[in-house]
Amino acid sequence: MKLTIVGCTGSFPGPGSPASCYLLTANDGERTWKIVMDLGSGALGAIQRYTDLEDIDAIFLTHLHPDHCMDLCGLHVAVRWKPGGWGRGRIPVWGPAATADRMATAYGLDLDPGMHEEFDFTNWIEREPVTVGPFTVTPFAVNHPVEEAYALRVDVTEPDKEGNPVRRVLTYSGDTDSCTGVEEAAKDADLFLCEAAFEEGRDDAIKDVHLTGKRAGEAAAAAGARRLLLTHIPVWTSPSTVMAEAKEVFGQHVAVAVAGVHYTI
């Protein structure tokens, strides 16, 4: 499985990165599949560096803050208005129950049909897995001030060079403060892609919104994750600070996500 960091700046795009967007690629032995976790503001342009839009097999939204979903509006335009027609059917989109109506409202569309002609919307059911190609994605409810917010556990089974099945697990925290949900989602993950928007000391008075590097490290340690990749770092938060916080409690297998970088899991 390959992870491409399309966008990793927290809350709004930064000068070097769009907001949250992650491309996962895996092969089931017959073809390569591509799924997208979140499509935040500024991400639609950048993702075209790594894939044709028509090659996206599914989109998974953690929650409905604009920095995680708003470029679905631009993708709607691409699907609806591409000269000669879109080369594939509707794109499957999993997200919170309000996803379809929120996107239609954001673009100024009537709720019926809204964007249903371009996207096949399905609502998350907490801890009920969804399978797309070699990917099995399970949502875990987490601690963030919106009606629905989820961490995503992605299980992938791919054949190795001898054709033997190999299983890998990536967990993406979405946006969350400390909670059992994110720890359970990350249990024994090979890679834990975890937000760290806040800094210890500076943001202590703000509860139930975001993790610090320290709290991300604590969650990774409690889950028994093997590697920790910190993400969703706003322009006013120091990557070196949150990485140092995480290393104090998790150890040396900590890095900070950078837009345009690829990781093999």
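Preceding this paragraph is the structure being described.
What this report covers is the structure whose coordinates are included nearby.

Definitions and limits used
- Sequence positions are assigned chain by chain, starting from 1 and proceeding in written order.
- In keeping with the model being predicted, local features are shown solely for residues with a pLDDT of at least 70 and side-chain atom pairs are shown and tallied solely at 80 or more, while totals for entire chains, interfaces and linings include all residues.
- Note that water and hydrogens are dropped before the side-chain values are worked out from all heavy atoms of the structure.
- Criterion for a salt bridge: a side-chain nitrogen of Lys or Arg within 4 Å of a carboxyl oxygen of Asp or Glu.
- Each helix is a run of H or I in the DSSP string that is no shorter than four residues. Each strand is a run of E no shorter than two, and both are numbered from the N terminus.
- In this description, a nonpolar core means a group of buried Ala, Val, Leu, Ile, Met, Phe, Trp, Tyr and Cys residues linked to one another through side-chain atoms lying within 4.5 Å.
- Categorising residues by exposure relies on relative accessible area from a 1.4 Å probe, with only protein chains included: less than 20% of the type maximum marks a residue as buried, more than 50% marks it as exposed, and the intermediate range marks it as partly exposed.
- What a helix is expected to span follows from its residue count: subtract one and scale by 1.5 Å.
- In this description, the arc belongs to the directions extending from the helix axis to the C-beta atoms.
- By definition, residues are in contact when any of their heavy atoms lie within 4.5 Å.

**Things to note about the pattern of salt bridges**
Part 1 of the argument: Throughout the structure, instances matching the rule amount to 16 salt bridges.
Part 2 of the argument: For the salt bridge of Arg 80 with Glu 117, the shortest nitrogen-to-oxygen distance reads 3.1 Å. Of the two residues, Arg 80 sits in helix α3 (residues 72-81) while Glu 117 sits in the loop between α4 (99-107) and β6 (119-123), which places them 37 residues apart along the sequence.
Part 3 of the argument: Connected through salt bridges with shared partners, the residues Arg 31, Asp 57 and Arg 88 form a single ionic network.

**Notes on the nonpolar core**
Part 1 of the argument: The biggest cluster of nonpolar side chains holds 30 residues, and the ones touching the most others in it are Leu 3, Phe 60, Phe 135 and Leu 170.
Part 2 of the argument: Counting residues per element, this core draws most heavily on strand β9 (residues 150-159), at four residues.

**Here's the deal with helix α7 (residues 239-250)**
Part 1 of the argument: Compared with an ideal rise of 1.5 Å per residue, which puts twelve residues at 16 Å, α7 spans 16 Å between its outermost C-alpha atoms and is within 8% of the ideal.
Part 2 of the argument: Every buried residue of α7 is accounted for by Val 242, Glu 245, Ala 246 and Phe 250. Buried residues along α7 cover an arc of 110° about the axis, so they all sit on one side.
Part 3 of the argument: Contact partners of the buried residues in α7: α6 (213-223), β12 (228-231) and β13 (254-256).
Part 4 of the argument: Within two residues after α7, Gly 251 carries a phi angle of roughly 115°, on the positive side.

Limitation: the analysis is restricted to geometry and does not speak to function.
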